[in-house]
Amino acid sequence: MSEVFKDKSQRRGHGARGKEATGRTKDSISTVSYIDELAHHDDNARMAITTENTYQLGPNKRMPVPAVTDILKDVLTSYLQEEKYEVEWSQKMTKTICEVIRARVKELMIPRYKIVVLVHIGQLAGQSMQISSRCLWDAANDTFASFSFKNSSLYGVATVYAVYYE
């Protein structure tokens, strides 16, 4: 940032509100993108897989939504059935469940689809919650599957998006 800009912003009073030069409030902490240790990232770089053009306008095989919904139901039920909500536990369990779901969906071997897995775990305390997402979507080829789980102390929502790439 140039010195002229810093001087102007301080003269106008922008620096008086406790903001840093980047425009962020010093007090704010983002917990949305909290990642401490990823199990699938090692020092070795992944081999890049390149897919050749097939000149197809659509997929040969679509994602089987009922089969993926069964996977979501099985994984969420088996991992969350007897658990009580704890903050640290839920952060680690979210990553674990995502990896398990992704591996089981990849076993279906659906060609030319990018698989995106989202899992939310939260405490049941009489609150309501709405989860939404947005993306560029091709209604003819792209699809998703979702499943919600609830026990006495927590809820879990898992969503798998299958996005076709050409």
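- As recorded in an unreviewed UniProt entry, the protein goes by Tctex1 domain-containing protein 1 and comes from Gymnodraco acuticeps.
- Comment text from UniProt for the protein, heading Sequence similarities (unreviewed entry), reads "Belongs to the dynein light chain Tctex-type family."

1. Considerations on the packing of aromatic side chains
We describe a pair of aromatic rings using the distance from one ring centre to the other and the angle between the two ring planes.
And then number 1: Taken as a whole, this structure holds 4 aromatic pairs when the rule is applied.
And then number 2: On the basis of an interplanar angle of 80° and a centroid distance of 6.2 Å, the ring pair of Trp137 and Tyr161 is categorised as edge-to-face. One end of the pair, Trp137, is in the loop between β1 (113-123) and β2 (143-150); the other, Tyr161, is in strand β3 (residues 154-164), with 24 residues separating them in the sequence.
And then number 3: Considering the side-chain rings of Phe144 and Tyr161, the 6.2 Å spacing of their centres and the 35° angle between planes classify their relative orientation as tilted. Taken together, the residues span a long stretch of sequence, with Phe144 in strand β2 and Tyr161 in strand β3 at a distance of 17 residues.
And then number 4: Its relative accessible area of 45% is what places Phe144 among the partly exposed residues.
And then number 5: A relative accessible area of 15% means that Tyr161 is categorised as buried.

2. Points about the packing of helix α2 (residues 65-80) against helix α3 (residues 87-106)
And then number 1: At a closest axis distance of 10 Å, the pairing of α2 and α3 adopts a crossing angle of 150°. Note on packing geometry: the crossing formed by α2 with α3 is right-handed. Touching Val68, Ile71, Leu72, Asp74, Val75, Leu76, Tyr79 and Leu80 of α2 are Trp89, Met93, Thr96, Ile97, Val100, Ile101, Arg104 and Val105, all from α3.
And then number 2: Of the residues in the contact of α2 with α3, the class split is 13 nonpolar, 1 polar and 2 charged.

3. Here's the deal with the sheet that holds β1
And then number 1: Spatial strand order, β1-β3-β2: 3 strands in an open sheet with antiparallel pairing. Each end of this open sheet is capped by a strand with a single partner; those strands are β1 and β2. Put simply, the sheet's adjacent strands are angled 10° from each other on average, direction ignored.
And then number 2: Relative to the sheet, α2 contacts β1, β2 and β3, its axis offset from that of β2 by approximately 25°.
And then number 3: On top of the sheet, α3 reaches β1 and β3; it is set at about 150° to β1, its chief contact.

Conventions used here
- Residues numbered from 1 in each chain as written.
- Predicted model: local features only at pLDDT ≥ 70, side-chain atom pairs only at ≥ 80, totals over all residues.
- Heavy atoms only, no water.
- UniProt positions renumbered as here; feature names shortened; annotations may be inferred.
- Phe/Tyr/Trp six-rings, centres within 6.5 Å; stacked < 30°, edge-to-face > 60°.
- Helix = DSSP H or I, 4+ residues; strand = E, 2+ residues; numbered from the N terminus.
- Buried < 20%, exposed > 50% of the residue type's maximum accessible area, 1.4 Å probe, protein only.
- Axes fitted to C-alpha atoms, helices over the stretch in contact; angles between N-to-C directions.
- Left-handed = near helix turned anticlockwise from the far one by under 90°.
- Contact = heavy atoms within 4.5 Å.
- Nonpolar A, V, L, I, M, F, W, Y, C, P; charged D, E, K, R; others polar.
- Pairing = 2+ DSSP bridges.

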